[in-house]
2 protein chains.
Amino acid sequence: MTFRLFDAPQAEPSQFVGFAGNVIDRQAEKRSDESANTALSDPSARLLLMGGGRILLKFNGDAVASSYFPLAEAKALGADVRDAVLLGVDDNGPVLAVSVVVEDEGLPESIKAVDYRSVYMQNLVDAGALGALAQGASLLAWHASHRFCGKCGQPSEMRIGGYKRVCTACATEHFPRTDPVAIMLTVTRDRCILGRGRHFPPNMYSALAGFIEPGETIENAVRRETFEESGIRLGRVVYHASQPWPFPYSLMIGCFGEALDENITPDTAELEDCRWFDRAEVLSMLDKTHPTLFTPPPGAIAHHLIRAWAESA
Amino acid sequence: MTFRLFDAPQAEPSQFVGFAGNVIDRQAEKRSDESANTALSDPSARLLLMGGGRILLKFNGDAVASSYFPLAEAKALGADVRDAVLLGVDDNGPVLAVSVVVEDEGLPESIKAVDYRSVYMQNLVDAGALGALAQGASLLAWHASHRFCGKCGQPSEMRIGGYKRVCTACATEHFPRTDPVAIMLTVTRDRCILGRGRHFPPNMYSALAGFIEPGETIENAVRRETFEESGIRLGRVVYHASQPWPFPYSLMIGCFGEALDENITPDTAELEDCRWFDRAEVLSMLDKTHPTLFTPPPGAIAHHLIRAWAESA
């Protein structure tokens, strides 16, 4: 009952969410303080150029844009490659990411700075490039907010291609941070709970979510947050899928929860609305045939949670 | 196929691992800068006293020790309660955790300072207290290593009962860190892979593990780490259970992986040994009837992964 590997589908649900298509070989065990420089000296090296929540994309009239720039082009666009992080190697060679000051004026006609969320929502790059974006954006955001040692306050320095920082004063090692977030769909056999955060686009409803805290299992975090946000107690909780989420460096962990009661008491500080939806309404929201309401798009893990339940009957 | 909530067991595997038995109501949505002081003024408040990887336990001749100290006793043992973090409320009132300088000399006869790992391995406290230990230890370790702002290097201050720090100079908010770690059992229908880390007790073999990196799904992290550590490519990967792991603040995420080949190439920098084990050998290791080798104890998520596979045939 609790061992179900050989009954599972060949491709797990996590393979179908946005940001999950990264094909870069990280070569984590080979990282050294020379990794990034060695990669940059490879003529096939390509860089992602990112800054202020945006990435530079090259539009060449193709269906999808390119986010990969050769070294000379990256330098011409203002990249200081001494700060580049090495994401790894794909079939075409090394891939790095580096911060640039992104200004729309002065960019060549074919290059645009696009915020990460639009790249994802509008499928502007292919799945592999979107995965690389998630890796690069998370790492660069971590470096930007961890230039100083949390233990002693002195400056720290990047090491092993960007996968470590070391304090210049006390030598404490710091590693990239990834914040696990539970995102959960509370269901009965006939209905599910969707809510609206205060920052959501108008008319969008989604699964509830919150950070997993120190000292709790994934499933207990799902129960706690569901109760806090909706007043509903959960029984069974099962994992469904995960998604890298580069805002700034989260790991979304998607679960289903079994509602033990049906009376919702929404946390109005957090949510604008939170209510039960029946299967037919949810299916029309997923497929955009609902007259007013909709769910997050197919790249979002919430979409996959909602669809997996809605199509399960 | 991908929606299996109503086929799941009533209690998920995560409920049976060590550190998972926390019954404290965190009341996360009610946290304020007054929370800890209000809790301390409640005569039913009890404190966990921790320092240097050890916790103070009171032995009263019972089967299990107590880790809960009333305020007066905590102060007498040297706790500076201005730095206490509020874990939440259990049936007996508020529970807090605070750092103390733990010295064995000077402690009353009935009180011992015990390292976290021994508390867990020897079941010295009940499941609820072990869960509270994980929560308190993780939070206190985070505070100790994040006294300064990573962004600007200036001192930060504890807020909302210990669930936030705010920089005194740039006002950046910092939240507790939880590091997701993948721990995975690679299997075929007949054999599984176990390895020995260089720091393991002699003769213990366990599942392989490693940190999930920015920009990867749980399942892809399992595939990457399995390949790096054993040279084995994985097909299907399924989640099994999770475990809070307060060394210092990890979340172990346990999965099964389907081996696509059988030729192991161990990462000898990381592992002392890594090989295939058949079901009979593994069962004897779990049950301690093997002449020499053994697995981690029943509180460990690795034990549950190994047992769930071994008993599945």
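For the structure itself, look to the data block above.
In short, a report on the structure. Keep in mind the model is a prediction, meaning the values are calculated, not measured.

Let us now look at the overall build of chain A. Assigned secondary structure in chain A consists of seven helices and 15 strands. For a compact globule of 313 residues, the expected C-alpha radius of gyration is about 20 Å, and chain A comes in at 21 Å, within 12% of that figure. Along the first, second and third principal axes, the C-alpha set of chain A runs to 60 × 50 × 45 Å. The proportion of buried residues among the 313 residues of chain A is 60%. Partitioning the contacts of chain A with sequence separation of at least 6, the portion at a separation of at least 24 is 64%. Accessible surface, chain A: about 12900 Å² in total, of which carbon and sulfur atoms supply 51%. Positive and negative side-chain charges in chain A, numbering 29 and 40 respectively, have mean positions lying 2 Å apart.

What follows covers the side chain of B:Gln135. Its place among the elements puts B:Gln135 in helix 4 (residues 127–145). One polar contact links B:Gln135 to B:Tyr163, side chain to side chain, over a distance of 2.8 Å. Excluding its chain neighbours within four sequence positions, the residues that come into contact with B:Gln135 are A:Pro214, A:Gly215, B:Asn22, B:Ile24, B:Arg26, B:Leu87 and B:Tyr163.

Before going further, it helps to examine the interface of chain B and chain A. Tallying the contact residues gives 73 residues for chain B and 73 residues for chain A. The junction of chain B with chain A conceals about 6400 Å² of combined surface from both sides, 59% of it contributed by carbon and sulfur atoms. For A:Arg223, the salt bridge is made with B:Glu12, and the minimal N-O distance between the two is 2.6 Å. A breakdown of the residues in the side of chain B that touches chain A according to their chemical character gives 34 nonpolar, 20 polar and 19 charged.

Residues and elements named next belong to chain B. Taken together, three strands build an open sheet; the order of strands is 7-8-9 and the sheet is antiparallel. Each edge of the open sheet is held by one strand with a lone partner, namely strand 7 (156–159) and strand 9 (173–174). Across two bridges, strand 8 (residues 164–167) lies against strand 9 in antiparallel orientation. Among the inter-strand pairings, arginine 165 is bridged to a residue of strand 9, identified as histidine 174. In this fold helix 4 packs onto strand 7, strand 8 and strand 9, with an angle of close to 10° to the strand it touches most, strand 8.

Turning our attention to the relation of the copies chain B and chain A. You can overlay chain B on chain A at an RMSD of 0.0 Å; the transform is a turn of 180° with a shift of 0.0 Å along its axis. Considering both components of the superposition, the chain copies are consistent with a two-fold axis. By C-alpha distance to the rotation axis, the residue of chain B lying nearest is B:Gly153, at 2.1 Å. When the interface residues of chain B are mapped onto chain A, 100% of them again fall at the interface, so both copies present the same face.

Turning to the environment of B:Ala129, a few remarks are in order. All names here are of chain B. Relative to the helices and strands, alanine 129 resides in helix 4. Expressed as a C-alpha distance, the spacing of alanine 129 and serine 312, which sit 183 residues apart in the sequence, is 32 Å. Sequence-distant contacts of alanine 129, that is, excluding residues within four places in its chain, are made with Ser67 and Tyr68.

Put simply, A:Phe247 and A:Pro248 share a cis peptide bond, and its omega is -5°. Mapped onto the fold, A:Pro248 is located in the loop between strand 13 (234–245) and strand 14 (250–259). The residue B:Asn203 is not glycine, and still its phi comes out positive at about 75°. Secondary-structure assignment places B:Asn203 in the loop between strand 11 (191–197) and strand 12 (208–211).

Here we come to the layout of surface pockets. Of the volumes computed, that of the second largest pocket is approximately 630 Å³. Contributing to the lining of the second largest pocket are 23 residues, with A:Ile24, A:Asp25, B:Asn220, B:Arg224 and B:Arg233 lying nearest its centre. Sort the elements by how many residues they give to the lining of the second largest pocket and helix 5 (residues 218–230) of chain B lands first, with five residues. Split by residue class, the lining of the second largest pocket holds seven nonpolar, seven polar and nine charged.

All names here are of chain B. As a packed pair, helix 6 (residues 279–286) and helix 7 (residues 301–310) sit with axes 10 Å apart at the nearest point and diverge in direction by 135°. As judged from the angle between their axes, helix 6 and helix 7 are oblique. For the pair helix 6 and helix 7, the crossing hand works out as left-handed. Seen from helix 6, the contacting residues are Arg279, Val282, Leu283 and Leu286; seen from helix 7, they are His303, Ile306, Arg307, Trp309 and Ala310. Residue composition of the contact of helix 6 with helix 7, by class: six nonpolar, one polar and two charged.

A word on helix 4 (residues 127–145) of chain A. Residues and elements named next belong to chain A. With 19 residues, helix 4 ought to run about 27 Å at 1.5 Å a step, and its terminal C-alpha atoms sit 27 Å apart, in line with that. Burial within helix 4 is extensive, with 16 of its 19 residues counted as buried. At the N-terminal boundary of helix 4, the capping side chain belongs to aspartate 126, with an oxygen 3.2 Å from the backbone nitrogen of glycine 128.

Taken as a whole and assessed by the stated rule, the structure comprises zero disulfides over all chains. No disulfide involves A:Cys255; its sulfur sits 12 Å from that of B:Cys255, the nearest cysteine. B:Cys152 supplies the cysteine sulfur nearest to B:Cys167, a cysteine that is in no disulfide, at a spacing of 3.5 Å.

Quick notes on the rules
- Residues numbered from 1 in each chain as written.
- Chains lettered and ligands numbered in written order.
- Predicted model: local features only at pLDDT ≥ 70, side-chain atom pairs only at ≥ 80, totals over all residues.
- Heavy atoms only, no water.
- Helix = DSSP H or I, 4+ residues; strand = E, 2+ residues; numbered from the N terminus.
- Rg over C-alpha atoms; globule rule 2.2 N^0.38 Å.
- Buried < 20%, exposed > 50% of the residue type's maximum accessible area, 1.4 Å probe, protein only.
- Contact = heavy atoms within 4.5 Å.
- Areas by Shrake-Rupley, 256 points an atom, 1.4 Å probe, with all protein chains shown as cover.
- Lys, Arg positive; Asp, Glu negative; His and termini not counted.
- Charge placed at Lys NZ, Arg CZ, Asp CG, Glu CD.
- Polar contact = N/O pair within 3.5 Å; in protein donor to acceptor, adjacent residues only side chain to side chain.
- Buried area = accessible area lost by both parts, 1.4 Å probe.
- Salt bridge = Lys/Arg side-chain N within 4 Å of Asp/Glu carboxyl O.
- Nonpolar A, V, L, I, M, F, W, Y, C, P; charged D, E, K, R; others polar.
- Pairing = 2+ DSSP bridges.
- Axes fitted to C-alpha atoms, helices over the stretch in contact; angles between N-to-C directions.
- Least-squares fit on C-alpha atoms with pLDDT ≥ 70 in both.
- 1 Å grid on protein atoms, 1.4 Å probe; cavity = no way out; pocket = protein on both sides within 12 Å on 5 of 7 lines; lining within 4 Å.
- Points joined across faces, edges and corners; volume = space filled by probe spheres on them.
- Parallel < 35°, antiparallel > 145°, perpendicular 65-115°, else oblique.
- Left-handed = near helix turned anticlockwise from the far one by under 90°.
- Expected span 1.5 Å × (residues − 1).
- Disulfide = S-S within 2.5 Å.

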